[in-house]
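Architecture and fold: a report
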Amino acid sequence: MLKNELEISLKDWLNILIIGLLFGFFQSLIFYFLNDSLQNSSTIIFSVSTAFFISIFAYILIGFSNSILLPKIPKKLWTFFSLIFSFLSGFLGFILSYFIFLKTDSNIIILIKNFWFFLAIVVGFLSLLIALILHRFVFLKNKQNKIEKEIIESKLKSLENELNPHFLFNALNSVSELIFIDKNKAENAVLQLSKFLRNAINNRSLVSVEDEILMVQTYINIENIRFDDKIILHIKDLENIKDRQIPKFSIQLLVENAIKHGFKGKDLNIYIEFEKSCINVSNDGAKIDFIEFKTGLKNLQNRLRLLNIGDLSFKTTSKNISFSINLKE
C-alpha cells in the first residue's frame, strides 16, 4: 500500500485493524469446530492475538516503507517492496504470537508445534493477498474521494466565475458614471478597483474573515467615490472570528446587496457584527418587503453548502432585514 500514490488515513488503519481482528476471530471458530481439543478460549485468544500482531507489523513496516524506503528507490520497485512488507507482516505477526503462547502449552500450540514455520509462511502469503485486496479497496475509495473533490472544485470555480463578472460589471458601471461627473474621482475609483482586484484574483476559494474585511473596506472606498462618502461601515467584534475561513466575496456580496437595495440618497450605515460562529450584516437604509435569492445570494448559499461551511439566512426586523452567514462549529 503506497502512501506516495495513495493516502492511508488513520481511519483506514483502524478499519484494517478491525478487519484483522474479525479475521482472527473467524479463523479461531474454524479451529474450534474442526478439532475437539481446540474448543477452548485459548484458541480464540491465540487467533485474535495473531491477527492483532499482523496488523501492528503492517502498520510499522508499511509506514516505514512509505516514509523512508519508497522515496529513495525507483517507482517501478514500489509494488515489489510493498508486497514483501505485506508478506513479512503476516509472517512476523504469526511468529511473534506463536512464541508468546509457546510457554502456555495450550492445545493449539501443541497441535502446530511441528509445522509452525510452514504455517508462518502460509499466513504471510495470506496477509499478502489480503493486503492486495485492501490496497485495491483504499485505492478505489481515495479515487472516489478525489473525483468528488474535483467535482466540488469544478462547481466552485463555476460559481466564482459567475460571481466575479457580476461584481466587476457593477464596479465598472460606477466608474463610467463618474467619468462624466468628476474625472479625478473616476481615476481614484480605477486605482481602488485595481487594488481590489489584485487582492481578489487568486485561486483560493476560501479566505480568512480578516482578509475578506480588507476587501470589503476597499470596496466601500470604491463605492464612496460615487456616493460622496455616504456609505458608513461599522465593524464590531472582528477579533472573535478573524481567522475563520469563509468563501471569498461572501461578506462583500452582502454589503453590495445592502448598498444596492438600502441606499436612498442619504447616509447609509452598514453594520457587520461577528459572533463565534455567525456573521451578521444589516443596514439602516430602505426597508425591503420581499427577499428573493437571485444570482448573488443564491451563489453565496451554494458555495457555503459545497464547502460544507454553513448556510445563509435572513431575519426581518421592524427597521430592515439582516443577513447572517451561519458557520458550522
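Residues numbered from 1 in each chain as written. Predicted model: local features only at pLDDT ≥ 70, side-chain atom pairs only at ≥ 80, totals over all residues. Heavy atoms only, no water.

1. Examining the sheet that holds strand S5 (residues 278-283)
Reading across the sheet, the five strands line up as S2-S4-S5-S7-S6 and stay open at both edges, with mixed pairing between neighbours. In the strand order of this sheet, the two ends are held by strand S2 (231-236) and strand S6 (310-316), each with one partner. Between one strand axis and the next, the sheet turns by 15° as a mean value, whatever way the strands run. Judged from the four bridges that link them, S5 and strand S7 (residues 321-327) form a sheet pairing that is antiparallel. In the strand pairing of S7, Asn-280 is matched with Ser-324. Packed on one face of the sheet, helix H7 (residues 209-227) meets S2, strand S4 (268-274) and S5 and runs near 165° to S2. Most of the contacts of helix H8 (residues 250-262) go to S4, to which it runs at about 155°, and overall it touches S2, S4, S5, S6 and S7. (Pairing = 2+ DSSP bridges. Helix = DSSP H or I, 4+ residues; strand = E, 2+ residues; numbered from the N terminus. Axes fitted to C-alpha atoms, helices over the stretch in contact; angles between N-to-C directions. Contact = heavy atoms within 4.5 Å.)

2. Remarks on the pairing of S5
Burial within S5 is extensive, with six of its six residues counted as buried. Neither face of S5 is open: one carries Cys-278, Asn-280 and Ser-282, the other Ile-279, Val-281 and Asn-283, and all of them are buried. (Buried < 20%, exposed > 50% of the residue type's maximum accessible area, 1.4 Å probe, protein only.)

3. Some words on the confidence of the model for the protein chain
Averaged over every residue, the pLDDT of the protein chain is 76; the share at 70 or more is 73%. pLDDT under 50 marks residues 1-6. Its contacts with residues more than four places away, or in other chains, come to 24 contacts. (pLDDT = per-residue confidence, 0-100.)

4. Some remarks on the side chain of Ser-322
Along the chain, the position of Ser-322 falls in strand S7. With a relative accessible area of 12%, Ser-322 lands in the buried category. Beyond its immediate stretch of four places on either side in the chain, Ser-322 contacts Val-281, Ser-282, Ser-313, Phe-314 and Lys-315.

5. Brief notes about the pairing of S4
Burial within S4 is extensive, with five of its seven residues counted as buried. As judged from the six bridges shared by S2 and S4, these two strands associate in the parallel manner. Residue pairing for S4: Leu-233 is matched across the bridge by Ile-270. Pairing analysis gives five bridges linking S4 to S5, with the strands arranged antiparallel. Within S5, the position partnered with Glu-273 by the bridge is Asn-280.

6. With respect to the packing of H7 against H8
Geometry of a packed helix pair, given as the angle between the helix axes and the separation of the axes. With their axes 8 Å apart at the nearest point, H7 and H8 run at an angle of 25° to one another. Between H7 and H8, the interaxial angle falls into the category roughly parallel. Relative to H8, H7 is oriented so that their crossing is right-handed. The segment H7 lies against H8, with Val-209, Glu-212, Ile-213, Val-216, Tyr-219, Ile-220, Glu-223 and Phe-227 engaging Ser-250, Ile-251, Gln-252, Val-255, Glu-256 and Ile-259. (Parallel < 35°, antiparallel > 145°, perpendicular 65-115°, else oblique. Left-handed = near helix turned anticlockwise from the far one by under 90°.)

7. With respect to the packing of aromatic side chains
Per the stated rule, a full pass over the model turns up 10 aromatic pairs. The interplanar angle of 15° and the centroid separation of 5.8 Å between the aromatic rings of Phe-87 and Phe-91 together place this pair among those described as stacked. In this pair, Phe-87 and Phe-91 are both assigned in helix H3 (residues 78-101), four residues apart and thus about one turn of the helix distant. The exposure class assigned to Phe-87 is buried, which follows from its relative accessible area of 18%. Using a relative accessible area of 13% as the deciding quantity, one classes Phe-91 as buried. Look at Tyr-98 and Trp-116: their rings are 5.0 Å apart centre to centre, the planes differ by 10°, and that puts the pair in the stacked class. Pair noted here: Tyr-98 is in helix H3 and Trp-116 is in helix H5 (residues 116-181), with a separation of 18 residues, a long-range link. For Tyr-98, a relative accessible area of 3% translates into the label buried. Of the aromatic side chains, those joined through ring pairs into one cluster are Phe-87, Phe-91, Tyr-98, Phe-99, Trp-116, Phe-117 and Phe-125. (Phe/Tyr/Trp six-rings, centres within 6.5 Å; stacked < 30°, edge-to-face > 60°.)

8. Thoughts on a nonpolar patch on the surface
Together, Phe-115, Phe-118, Val-122, Leu-126, Leu-129 and Leu-132 line one region of the surface with nonpolar side chains, adding up to about 540 Å² of accessible area. Among the secondary structure elements, Phe-118 is positioned in helix H5. (Patch = residues over 30% accessible without salt bridge, like charges linked within 9 Å, V, L, I, M, F, W, Y side chains within 5 Å. Areas by Shrake-Rupley, 256 points an atom, 1.4 Å probe, with all protein chains shown as cover. Salt bridge = Lys/Arg side-chain N within 4 Å of Asp/Glu carboxyl O.)

9. Digging into the nonpolar core
Residues Ile-251, Val-255 and Ile-279 are the most contacted members of the largest nonpolar core, which totals 38 residues. Broken down by element, the residue count for this core peaks at eight residues, all from H7. Filtering out sequence-adjacent residues up to four positions away, Ile-279 remains in contact with Val-209, Ile-241, Ile-246, Ile-251, Ile-272, Glu-273, Phe-274, Phe-323, Ser-324, Ile-325 and Leu-327. By size, the runner-up hydrophobic cluster in this structure holds 14 residues, among which are Phe-46, Ile-54, Phe-91 and Val-123. (Core = buried A, V, L, I, M, F, W, Y, C linked by side-chain atoms within 4.5 Å.)

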